[in-house]
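Spelled out, the chains give:
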Amino acid sequence: MTALTISPDLATTLRNARRVAALTGAGISAESGVPTFRDAQTGLWAQYRPEELATPEAFQRHPQLVWDWYAWRRNLVAKAEPNAGHRALVELEQRVPAFTLITQNVDGLHRRAGSRRVLELHGNLFRTRCFAEGIVVDNWANTGGVPPRCPHCGAWLRPDVVWFGEMLPEAVLREAEEATVRCDVFFSIGTSTLVYPAAELPFAALRGGATVVEINPQPTPLSQQAHYSLRGAAGEVLPTLLAAVWGRGGAD
Ligand code: BV8
């Protein structure tokens, strides 16, 4: 990795910050071996684009295909481990007085890393709900049918995630918006900043007067307006940033 230098101003700003918020996207799980939405899908899924599968229409048209895609992702994520980027955000939560982690990811890796206050804007791959009633279902008769059926009403079960064209959980989004406009420092980490309303949050942070820091090996629509755009992998940049601010052994 090119030696990343952290500006003394950024280190001072972060050291003095009272309220910090971080928005994460698929990029923070990339170093755990979980493919991002931009990555070409592999194997069986290579022929599909996520945007085509992650919709209620796709599920209604091809319920088994969509259910199997999520089963494949659950299986892949269950074998993955949180990486140094996830762990650095656990430390950041311990270091600053008020920290809010807002994630677009549905892989649950932030909680597995030990993050406590996590707002899952797009739901969670490991939760399942009834397609008709919307209630979370923890277990169901394994009749071999795919998708499985709701034990209460017999409708299909679906992953408890937010698909394209679906509303985000209102209370979670409101809490994310409040943390965004009140924070002193806002991180946007590992997201292409393309999908709304999540992608609006970094710009709302700018309007709210926060110092906005982007961490991404690639430029995004936020890069020009962010106060700091740190070009690199989250698993390398975040530990380097924490070392510069609080002095510790760099990447763990
Ligand atoms: C909504 C959960 C109101 C599911 C996801 C037309 C019709 C209908 C809707 C729309 C429309 N036009 C616009 C919309 C709104 C739409 C939208 O924004 N579309 C985009 C494509 C234009 N949004 C919605 O539909 C949302 N709902 O608006 O409701 C409504 C209702 C009806 C009609 C209109 C509006 C719901 C959006 C949520 C969709 N669900 N995920 C699942 O996971 O299966 S979205 C999914 O993709 C992610 O959750 C994330 O939010 C999004 C983008 O993914 P990223 O996380 O950013 O990852 P990506 O792969 O894109 O990028 C990775 C980045 O990481 C890259 O920049 C890369 O450089 C970087 N990176 C790589 N390695 C590393 C790294 N960074 C750091 N370290 C590394 N090592």
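Please refer to the structure higher up on the page.
All values derive from a computational prediction rather than experimental measurement.

**Student:** Go over helix 5 (residues 63-79), please, and point to the residues and values.
**Tutor:** Given a rise of 1.5 Å per residue, 17 residues ought to cover 24 Å, and the 25 Å separating the end C-alpha atoms of helix 5 matches this to within 8%. Turning to helix 5, its buried residues are P63, V66, W67, W69, Y70, R73, R74 and V77. The buried residues of helix 5 occupy an angular sector of 155 degrees when the element is viewed end-on, so they sit on one face. In this structure, the buried residues of helix 5 make contact with helix 3 (50-53), helix 4 (56-61), helix 7 (109-113), strand 4 (123-130) and strand 5 (157-161).

**Student:** Explain the environment of Q104 to me, using residue names and the numbers behind them.
**Tutor:** Looking at where Q104 falls in the secondary structure, it is placed in the loop between strand 2 (98-103) and helix 7. Residue classification places Q104 among the buried residues on the basis of a relative accessible area of 14%. Sequence separation of Q104 and L121 is 17 residues, and the distance between their C-alpha atoms is 5.4 Å. Beyond its immediate stretch of four places on either side in the chain, Q104 contacts L23, T24, G25, H122, T191, V195 and A198.

**Student:** Break down the site of the ligand for me, with residues and values.
**Tutor:** Contacts to the ligand come from 32 residues, most closely from F37, R38, Y70, G165 and S192. A distance of 2.8 Å is found between an oxygen atom of the ligand and a backbone nitrogen or oxygen belonging to A26. Between Y196 and the ligand, the recorded distance is 2.8 Å, taken from a backbone N or O atom to an oxygen atom. For the shell around the ligand, the secondary-structure elements that each account for two or more residues are helix 2 (27-30) and helix 5. Residues of the shell around the ligand, tallied by class, amount to 17 nonpolar, 11 polar and four charged.

What counts, and at which threshold
Residues numbered from 1 in each chain as written. Predicted model: local features only at pLDDT ≥ 70, side-chain atom pairs only at ≥ 80, totals over all residues. Heavy atoms only, no water. Helix = DSSP H or I, 4+ residues; strand = E, 2+ residues; numbered from the N terminus. Expected span 1.5 Å × (residues − 1). Buried < 20%, exposed > 50% of the residue type's maximum accessible area, 1.4 Å probe, protein only. Arc of directions from axis to C-beta. Contact = heavy atoms within 4.5 Å. Near = heavy atom within 4 Å. Polar contact = N/O pair within 3.5 Å; in protein donor to acceptor, adjacent residues only side chain to side chain. Nonpolar A, V, L, I, M, F, W, Y, C, P; charged D, E, K, R; others polar.

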